[in-house]
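# Summary of structural features
What follows is the residue order along each chain.
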Amino acid sequence: IQSSSLNNLTTETIIIKGKGTWRKAGAAQWVKSGFDMSDLVFSFLDPKNLEQLKGSIKISTLQLAGAEVLNGKPTLVYQYNTELPGTTAESTIKGTFKIWVGATDRRAYKLEGDTDSIVNKGAKIHTVVTYEYDLDIKIEQPIP
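Residues numbered from 1 in each chain as written. Predicted model: local features only at pLDDT ≥ 70, side-chain atom pairs only at ≥ 80, totals over all residues. Heavy atoms only, no water.

Turning our eyes to something else, we now look at the packing of aromatic side chains. Within this structure, the stated rule accounts for one aromatic pair. Aromatic side chains tyrosine 80 and phenylalanine 97 sit 5.6 Å apart centroid to centroid with 20° between the ring planes, which places their arrangement in the stacked category. Highlighted residues: tyrosine 80 in strand 6 (residues 73-84) and phenylalanine 97 in strand 7 (residues 93-102), separated in sequence by 17 residues. Each of the two residues, tyrosine 80 as well as phenylalanine 97, counts as buried. When the ring centre of tryptophan 100 is taken as reference, the NZ or CZ atom of lysine 110 above it lies at 4.6 Å. (Phe/Tyr/Trp six-rings, centres within 6.5 Å; stacked < 30°, edge-to-face > 60°. Helix = DSSP H or I, 4+ residues; strand = E, 2+ residues; numbered from the N terminus. Buried < 20%, exposed > 50% of the residue type's maximum accessible area, 1.4 Å probe, protein only. Lys NZ or Arg CZ within 6 Å of the ring centre and 35° of its normal.)

With that settled, the discussion passes to the side chain of lysine 110. Note that lysine 110 resides in strand 8 (residues 108-116). The class of lysine 110 is buried, set by a relative accessible area of 19%. A polar side-chain atom of lysine 110 sits 3.5 Å from a polar atom in the side chain of glutamate 112. For lysine 110, the contacting residues outside a window of four places in its chain are Leu70, Lys98, Ile99, Trp100, Val128, Val129, Thr130 and Tyr131. (Polar contact = N/O pair within 3.5 Å; in protein donor to acceptor, adjacent residues only side chain to side chain. Contact = heavy atoms within 4.5 Å.)

Right under this line is the structure:
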């Protein structure tokens, strides 16, 4: 599940491997996307593709921002900047992020940041991703 906002409109996306992609903007109903992103998104989990992507993203100014309790878990919060070079200086995508990492288990629990929009020049896209582990849940496609 990913939640992002552009121009104060929050959009949520659910991608289920082999099933499809659904989106909800603001308080609207869930709608199945005409473009299924599941193959694309899950291709990034291929170790070969991860290595290639990792080599192209530049991470700078990584620093410890402090300790914080997040949902009852002690975490260390790190801040960093990213740059994904484009074919021109104008197409380079820059971002600033914070990541909450478990102080005892070293798992990522939250990622929040802003990146340049590739669609609207000068605009930023705010993204919040939460990670949960060891849940006993069943995921079913959203009902429109």
